[in-house]
Amino acid sequence: MPNAYAPFSNFKVGAALLTEDGKVFTGVNVENSSYGGTICAERTAAVKAVSEGYRSFTKLAVASTGGDAYPCGICRQFLYEFAPDLEIILGVDEDHLRTCTLRELLPEGFRL
Ligand code: THU
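In this report, the structure presented in the accompanying data block is examined. Keep in mind the model is a prediction, meaning the values are calculated, not measured.

Looking only at helices and strands, the protein chain features three helices and five strands. The order of α-helices and β-strands along the protein chain, N terminus first, is β-β-α-β-α-β-β-α. Radius of gyration (C-alpha) of the protein chain: 13 Å, near the 13 Å computed for a compact globule of 112 residues. Dimensions of the protein chain along its principal axes, counting C-alpha atoms only, are 35 × 35 × 25 Å. Buried positions account for 37% of the 112 residues belonging to the protein chain. Counted over contacts in the protein chain with a minimum sequence separation of 6, partners at least 24 positions apart contribute 56%. Of the roughly 6,600 Å² that the protein chain leaves accessible, carbon and sulfur atoms contribute 52%.

Okay, the environment of F78 next. Along the polypeptide, F78 turns up in helix α2 (residues 73–80). You can call F78 partly exposed: its relative accessible area is 29%. Taking the C-alpha atoms as reference points, F78 and R43, 35 residues apart in sequence, are found 7.2 Å from one another. If near-sequence neighbours (up to four positions away) are discounted, F78 is found in contact with R43, A46 and V47.

So, on to the environment of D68. In this fold, D68 is placed in the loop between β3 (57–64) and α2. For D68, a relative accessible area of 29% translates into the label partly exposed. In the structure, D68 is positioned 64 residues away from A4 in sequence and 16 Å away in space, judged by C-alpha atoms. D68 has contacts with L90, G91 and R98, leaving out every residue within four places of it along the chain.

A few words on the packing of aromatic side chains. Within the structure shown, the criterion is met by four aromatic pairs. Look at F25 and Y54: their rings are 5.2 Å apart centre to centre, the planes differ by 55°, and that puts the pair in the tilted class. Of this pair, F25 sits in strand β2 (residues 24–28) while Y54 sits in the loop between α1 (41–51) and β3, and the two are 29 residues apart along the sequence. These aromatic residues form a ring-pair network of at least three members: F57, F78 and F82.

Cut-offs and rules
- Residues numbered from 1 in each chain as written.
- Predicted model: local features only at pLDDT ≥ 70, side-chain atom pairs only at ≥ 80, totals over all residues.
- Heavy atoms only, no water.
- Helix = DSSP H or I, 4+ residues; strand = E, 2+ residues; numbered from the N terminus.
- Rg over C-alpha atoms; globule rule 2.2 N^0.38 Å.
- Buried < 20%, exposed > 50% of the residue type's maximum accessible area, 1.4 Å probe, protein only.
- Contact = heavy atoms within 4.5 Å.
- Areas by Shrake-Rupley, 256 points an atom, 1.4 Å probe, with all protein chains shown as cover.
- Phe/Tyr/Trp six-rings, centres within 6.5 Å; stacked < 30°, edge-to-face > 60°.

So, in structure tokens, the structure goes:
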């Protein structure tokens, strides 16, 4: 989260994506003056992993300065491409974590 670049929303998000073989890729949201150029923390983590050759993921953790942040619609579909059975953990405080699955957040996700 501290590395998030969010001067426009002030909403800093951090994500950590666990690969099938136990490696963790982290990501933050990176905003842009041209707002559409913004990338979410979840997709940053996924793009880092895929570009390093990792495509199988089991879990995703997301935390934000604004409390629980459920992945946005674009991120849900983006993650569904690689990990439709992804388990998701939300929250900052270890004692108050929420869990859900990507299939719950995106029923009938699109696949070619
Ligand atoms: N954002 C994320 O990084 N992940 C989410 O799950 C929701 C939204 C970012 C995008 C933008 O930089 C800021 O949060 C406010 O929408």
